[in-house]
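One letter stands for each residue in the lines below.
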Amino acid sequence: MTATLPASRTAPPASPARPRKRGRAGTRTRTFYLFVGPWIAGFVLLTLFPLGYAFWMSLTNTDGLSPNWSYVGFDNYLKVFQDEQTIASLGRTGIFMLATVPTGVAAGLVMAVLLNRDFKGRAMFRALFYLPAVVPGVAAALTFKIIFDRNAGAANAVIGAAGGEPLSWLADPYVRFVLILMMLWGVGGSMIISLAALQDVPRELLEAAKVDGAGPAYSFFKITLPLLSPIIFFQVVTGVIGSLQIFVPSLLLAPVNGPAAVTAVPEGNYFFMVHVYAEYFAKSHFGYASALLWVLFLFVLLITGIVFKIGNKAVFYGGVDPTERKD
Amino acid sequence: MSQGKLTRRGLMRGTALGAAAAAGAGALSACAPSAGGGSGGKKTLTIMAPENEFSPEFLKTAEETLDVKIKRVEVDTTKLTAMLASGTAPDLVRGLGAVETPYVVARDLALPLDDYFASSTLLKEDDIDPINDVWRYDGSVQGQGPRYGLAKDYSQDAMFWYNTALFDAAGVEYPSETEPTTYDQWLETGKELTKKDGDTTTVYGLSAGGLGLFLGLMNMTASGGGSLFAEDLASLDFSSPEGQKALTWYLDYARAKVGFSPIEPNPDGWDWPPYQTGRLAMSWSGYWFGGAIAAEAELAETSRLAPAPTMGADRVSPCFGATGYWIPKDSKNHDEAWQLFEWFMGGDPAKERAAGGWGMPSLLSLREDLPLGTAAQEQALGAVEAEADYFKVLPFTPYVKVEALDSVLNQYLPDAIKDGAGAGELADKLNADMNELLAEGKELVK
């Protein structure tokens, strides 16, 4: 090896070397495209095409089946901002996001911190707390419907035992709280991510801080939390996107079973995506519903952009204080 | 507004071709047209049906009997819309004849089946129960014109079941098995049967959910001598005296909390669980409910089926479902689809369904196969046969789906019930929104 390297440096550019380099580069290029090809095909067919198709539909008044549809320009987009149900459902979705994302991430983190300590039965508690996260949504919703049944549910039994009057939990205005509780019940998913991140916090840093006289709270807020911030940020971003698209749990808590549930979702759980589904498949407003989806897409982009902007000022990527980063 | 020159169907077809080229035809086999030879030269039929009607074992029998391959896809509006739009229509589709026939026919989606019926040996015109007229539509009137499908079985859905044991416990007189009660009397009976333990309800007297809010109100209005829809089915009016009377009744019912409503939701989603467990005395369900009752020995002895209540002088007992099957015009296998349809509706499967007691058979000749093993089954058959004289097709609009009208009702009803709004105020809101939907729908099929 050492003998050949200088030779290749000093030798004039030999013509056979070039094809070999191009050949290698070509192979690498081909390999690259071979690996990313399926993803690109999937992205084009399952993301770009549906987006384009939805945009095209949003410029029409089609109901998906009738032959006499027309182009309506951007009328559907104008209607979005005049439709009271749309505005209300968007506001409701925003409030739901603000109620569930911070609470869910914080609850997951607190549970992770507690379950990261050494105590007897730790593994069992970890499994128990994570268990709800793997229960299928349908089963969870049925369980919650039973617990919060007005006449036979455990929730009203507790209220009754305390001398209170039974509440119609599954109707407005209480059903929104049932949904929020149901979402927080699955907080084990967030807990497990935070727990994994906690176990990655270098022990020597915490020990050094302890030697320097730092208390547990100081160590947590000045060392652990900054090191966890990228993971917390990840949970916030995915939580925000997920909560803005909340849909199935609303239907599962509705008083009607099956797809027709979309026509009977109580107002408190009538979120933006529920409205989109109702416009599509109950009212057959394919054009308008497609416009709603584009608006949601842009809204999610906007909110995610804001979250990233804030995140850039708060997240310690690679343990580096964001205020000291030069980029 | 300009009329689109590029059709959705054309775009979908083009895209499907492009996609097939890009991803390989194999990957898109699920989207491939349902026509074509299956293995061994057999044709493959694609049917949109639930598994409880076309189980794997049943499909095997059907394939052997009819010498075809059958691929079942789950009933799904989204999938059906995509399949119809992309020219890959299924060969047989499940549907609710009473409310969907005008909708699919107005969009030129369904195949008229009169020629097939005329040559059928299993489905003879004089053997077909008149209730199947809900599957007929001549372009302006439902109940007339070509047949587009047939009910696999049916019920007169405004009738109601009651549990005599709960009547006895409350000391309330049973409803007549032959004469209809009035809606007002029905509500009063519901109030008498409702049992409370403090603030919780242990027995609901009456559940008026039926097959949906709109259909219930439509029936009440008809039995009061009116009609929600205008003659051309392009608009509706809840503010007529009959419409307002129906709304007033429902508001009174919901406020009385004698049964399930948008402010008193049923956590089970349907009437059977509370009825089965003795927590519901009267359920607004037709003959089909007897299929569940028959499996419960005690209930099978104490349950009875009563005639549809009436709001005025007119005795009307419609069918809101008539769940059955239709053949899409764009199916590539009309003849084979008809063979399956004919066998399913008139062959051994129809006899087996009739014997199950989950609905009245579409063929009059199959009534002899209905089960009569319990007191409830025997009484119910007598009640249905007496009720048949009062069947009437209540025409449904071709311009919107019933779900659209139900969603408007559910938008306004909860507040109206809670705020003590009058029927007139509610009617105005419903008229405005529903008529806008109807006008939009009419634009698309004119």
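Residues numbered from 1 in each chain as written. Chains lettered and ligands numbered in written order. Predicted model: local features only at pLDDT ≥ 70, side-chain atom pairs only at ≥ 80, totals over all residues.

In this section: the overall build of chain A. A tally of regular secondary structure across chain A gives 14 helices and one strand. Relative to the compact-globule value of 20 Å for 327 residues, chain A shows a C-alpha radius of gyration of 27 Å, a clear excess of over 25%. Dimensions along the principal axes, computed over C-alpha positions, put chain A at roughly 90 × 70 × 35 Å. A buried classification covers 32% of the 327 residues belonging to chain A. (Helix = DSSP H or I, 4+ residues; strand = E, 2+ residues; numbered from the N terminus. Rg over C-alpha atoms; globule rule 2.2 N^0.38 Å. Buried ≥ 20, exposed ≤ 12 C-beta atoms within 10 Å, placed from the backbone.)

Residue and element names in this part refer to chain A. Put simply, helix H4 (residues 84-115) and helix H11 (residues 216-244) touch, their axes get as near as 9 Å, and they point 150 degrees apart. Every pair of crossing elements has a handedness; the one defined by H4 and H11 is right-handed. Residue-level inspection shows Thr93, Phe96, Met97, Thr100, Val101, Gly104, Val105 and Leu109 of H4 in contact with H11, the latter providing Ile232, Gln235, Val236, Gly239, Val240, Ser243 and Leu244. Of the residues that constitute the contact of H4 with H11, the class distribution is nine nonpolar, six polar and no charged. (Axes fitted to C-alpha atoms, helices over the stretch in contact; angles between N-to-C directions. Left-handed = near helix turned anticlockwise from the far one by under 90°. Contact = placed C-beta atoms within 7 Å. Nonpolar A, V, L, I, M, F, W, Y, C, P; charged D, E, K, R; others polar.)

Right, let's get into the interface of chain A and chain B. With 40 residues of chain A in contact, the opposing surface of chain B contributes 40 residues. When the residues that make up the side of chain A that touches chain B are grouped by side-chain class, the tally is 20 nonpolar, 12 polar and eight charged.

The next subject is the packing of helix H8 (residues 213-223) of chain B against helix H9 (residues 241-256) of chain B. Residues and elements named next belong to chain B. With their axes 8 Å apart at the nearest point, H8 and H9 run at an angle of 130 degrees to one another. On the basis of their axis angle, the class for H8 and H9 is oblique. You can see that H8 and H9 cross each other, and the crossing is right-handed. Within the contact between the two elements, H8 uses Leu217, Met220 and Thr221 and H9 uses Glu242, Gly243, Ala246, Leu247, Trp249 and Tyr250. (Parallel < 35°, antiparallel > 145°, perpendicular 65-115°, else oblique.)

All names here are of chain A. Taken as a whole, chain A shows an average pLDDT of 89; of its residues, 93% reach a score of 70 or greater. When the elements of chain A are averaged for pLDDT, helix H1 (residues 4-10) gives the smallest value, 44, and helix H3 (residues 75-80) the largest, 96. Per-residue pLDDT stays below 50 along residues 1-11; that stretch engages in zero contacts with residues further than four places along the chain or on separate chains. (pLDDT = per-residue confidence, 0-100.)

This part is about the sheet that holds strand S12 (residues 303-306) of chain B. All names here are of chain B. Reading across the sheet, the three strands line up as S11-S8-S12 and stay open at both edges, with antiparallel pairing between neighbours. Across the chains shown, the open sheet's two edge strands, defined by having one partner strand only, are strand S11 (282-283) and S12. Note: strand S8 (residues 160-163) against S12, four bridges, orientation antiparallel. Its bridge partner being in S12, Trp161 is matched across the sheet by Leu305. (Pairing = 2+ DSSP bridges.)

This part is about unusual backbone geometry. Omega for the bond connecting Asp172(A) with Pro173(A) falls within 30 degrees of zero, at 5 degrees, which places this linkage in the cis form. Within the element layout of this structure, Pro173(A) appears in the loop between helix H7 (154-161) and helix H8 (175-185). Not every positive phi belongs to a glycine, and Lys257(B) is a case in point at roughly 55 degrees. Residue placement: Lys257(B) occurs in the loop between H9 and helix H10 (272-276). The exposure class of Lys257(B) is partly exposed, given the 19 C-beta atoms found within 10 Å. Within the chain, Ala322(B) stands out as a residue other than glycine whose phi angle is a positive 50 degrees. Following the sequence through the fold, Ala322(B) ends up in the loop between S12 and strand S13 (323-326). Judged by the 30 C-beta atoms lying within 10 Å of it, Ala322(B) falls in the buried class.

With that out of the way, let us pick up helix H6 (residues 137-147) of chain A. All names here are of chain A. Among all positions in H6, only Ala141, Phe144 and Lys145 are buried. End-on, the buried residues of H6 take up no more than an arc of 100 degrees, which puts them together on one face. As for H6, its buried residues are in contact with H8 and helix H12 (248-252). (Arc of directions from axis to C-beta.)

What follows covers the environment of Thr323(A). Residue and element names in this part refer to chain A. As for its position among the elements, Thr323 is in the segment after helix H14 (286-312). When the 8 C-beta atoms within 10 Å are taken as the criterion, Thr323 is described as exposed. Sequence separation between Thr323 and Pro226 is 97 residues, and the spatial gap between their C-alpha atoms is 12 Å.

Turning next to the nonpolar core. If you look at the biggest cluster of nonpolar residues, it comprises 170 residues, and the most contacted ones within it are Val178(A), Leu253(A), Leu92(B), Leu217(B), Ala281(B), Ala322(B) and Phe341(B). The greatest single-element share of this core, amounting to nine residues, is contributed by helix H13 (residues 272-282) of chain A. Each residue touching Leu217(B), except ones within four places of it in the same chain, is listed here: Leu228(B), Ala246(B), Leu247(B) and Tyr250(B). (Core = buried A, V, L, I, M, F, W, Y, C linked by C-beta atoms within 7 Å.)

Moving on to the sheet that holds strand S3 (residues 69-73) of chain B. Residues and elements named next belong to chain B. Overall, mixed pairing links the five strands, which are arranged S3-S2-S4-S13-S7 in an open sheet. Of all the strands in the sheet, just S3 and strand S7 (149-151) have a single pairing partner and so form its edges. Along the sheet, successive strands turn relative to each other by an average axial angle of 25 degrees, direction set aside. Here strand S4 (residues 92-96) runs beside S13; their pairing, made up of four bridges, is antiparallel. The residue of S13 that forms the bridge with Val93 is Trp326.

Bringing the confidence of the model for chain B into the picture now. Residues and elements named next belong to chain B. Across chain B, pLDDT averages 89, with 91% of residues at or above 70. Model confidence for chain B, summarised as mean pLDDT per element, is weakest for helix H1 (residues 8-23) at 37 and strongest for S11 at 98. Long-range and interchain partners of residues 1-39, a stretch whose pLDDT sits below 50, account for 56 contacts in this model, where long-range means more than four residues apart. Interface confidence for the predicted complex, given as ipTM, is 0.82, next to a pTM of 0.84.

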